[in-house]
Amino acid sequence: MLLLMAFTPLFSNVAFAQDDYEEILLSPIEELAYEEGTGEIRGFGQAISANAQLALNTAKAQATADLQVKIEQYVRYGLNQYMDETTVGDRSSLDEKTRNDVVTAAKGVIEGATVLKSRKLYSKSKRKYMYEVCMKYDRAGIISAMEAQSERILKNRERFEKDMQEAWDELDARNGRKTPAEKRAEQEARVNEMQQGNLDRENKRAIDLENAKGKNAVELEKVRNKPTKRTVIEENY
C-alpha cells in the first residue's frame, strides 16, 4: 500500500504534463504555401529582425529558395515520368545534356516569382519584427521554359504538357498534400478529440471521486450500525 501511494503522485504529474500539450497550427501564410490545385508552385519563408525591412528581405529570400527547391523537385520528377513514357527501345526522348538544360532553364524562372501574400508581426517584449512570406510561380511558365529547351518536346508539345501535369499531380498525391479545407478539418478533428479526451478524463475523475465518497459513506454507516456488546446483553435480557 505504501509503495502504491509513493508512486501515485508521479503518475499524476505525468498525466498532467501530457494534458498540458497544445497543438501548434500552421500560420495562414504557411498554409497558403502548401495549398494545392492552384496551378502554381509556392514557397514559404520566415525571418525575424529588429529591422523590419531586413526581416522582409530575408523572408523573401527564404521563400524564394524554398520555391526553387520545389521547382527543381517537380521538374526532375516530371521529366523522369515523361522520359519513361516516351522511351522507345533503349533510346530516351531526351539525352542527358538536354535534360540538364531543361532543369536549369526551369530553375531560372525563379526570377519571375512574385509574392502571393505576406504578413508582418511585431514583438513588444523582444522589440523585433517577424515577416512571413509566400512566393508563387505559375506552373505554365515552368513548362514553357522547359519546352523552349528541346525541339523534341516542342514536336509533341500537347503530350509533354499533359504528361507533366499528370506527373505533378501524382507527386502532390505522393507527398500527401491536402487542401487548406482538408487540413482545417483534420486540425479541428484533432482538437475536438483532445478536448473530448480531457472531458472524459475529468468525468472519470469525478465518477471515481463520487464512488470513493459513496464507499466511505457505506463503511461509515456500517460502523455506526454495528451493535455494541452492551446492546447485545440488553437485548438478551
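Just so we're clear, the structure is a prediction, and the values are computed from it rather than from any experiment.

About the thresholds
- Residues numbered from 1 in each chain as written.
- Predicted model: local features only at pLDDT ≥ 70, side-chain atom pairs only at ≥ 80, totals over all residues.
- Heavy atoms only, no water.
- Pairing = 2+ DSSP bridges.
- Helix = DSSP H or I, 4+ residues; strand = E, 2+ residues; numbered from the N terminus.
- Buried < 20%, exposed > 50% of the residue type's maximum accessible area, 1.4 Å probe, protein only.
- Polar contact = N/O pair within 3.5 Å; in protein donor to acceptor, adjacent residues only side chain to side chain.
- Axes fitted to C-alpha atoms, helices over the stretch in contact; angles between N-to-C directions.
- Left-handed = near helix turned anticlockwise from the far one by under 90°.
- Contact = heavy atoms within 4.5 Å.
- Nonpolar A, V, L, I, M, F, W, Y, C, P; charged D, E, K, R; others polar.
- Phe/Tyr/Trp six-rings, centres within 6.5 Å; stacked < 30°, edge-to-face > 60°.

(A) Main features of the pairing of strand E3 (residues 128-138). With ten bridges connecting them, strand E1 (residues 40-49) and E3 associate as antiparallel partners. Paired with Arg42 across the two strands is Lys136, which belongs to E3. Of the pairings in the sheet, the one linking strand E2 (residues 114-123) to E3 comprises nine bridges and is antiparallel in character. Counted as the bridge partner of Lys117 is Cys134 from E3. In this structure, the hairpin formed by E2 and E3 is closed by a connection of four residues, where Arg127 is found at a positive phi of approximately 55°.

(B) Seen up close, helix H5 (residues 139-147). Residues Arg139, Ile142, Ile143, Ala145, Met146 and Glu147 constitute the buried set of H5. Looking at where H5 begins, the residue whose side-chain oxygen comes 3.2 Å from the main-chain nitrogen of Ala140 is Asp138.

(C) Representation of the packing of helix H4 (residues 96-108) against H5 within the structure. Between H4 and H5, whose axes approach to 8 Å, the crossing angle comes to 145°. Crossing of H4 over H5 shows right-handed handedness. Across from Val102, Ala105 and Ala106 in H4, the residues of H5 making contact are Ile142, Ala145 and Met146. Looking at the contact of H4 with H5, its residues break down into six nonpolar, no polar and no charged.

(D) Spatial organisation of the packing of aromatic side chains. Applying the stated criterion across every chain yields a total of two aromatic pairs. When the ring of Tyr74 is compared with that of Trp168, the centres are 5.9 Å apart and the planes differ by 75°; the resulting orientation is edge-to-face. Highlighted residues: Tyr74 in helix H3 (residues 52-86) and Trp168 in helix H7 (residues 157-174), separated in sequence by 94 residues. Both residues of the pair, Tyr74 and Trp168, belong to the buried class. Measuring from ring centre to ring centre gives 4.7 Å for Tyr122 and Tyr129, while their planes differ by 50°; the resulting arrangement is tilted. Overall, Tyr122 belongs to the partly exposed group, its relative accessible area being 44%.

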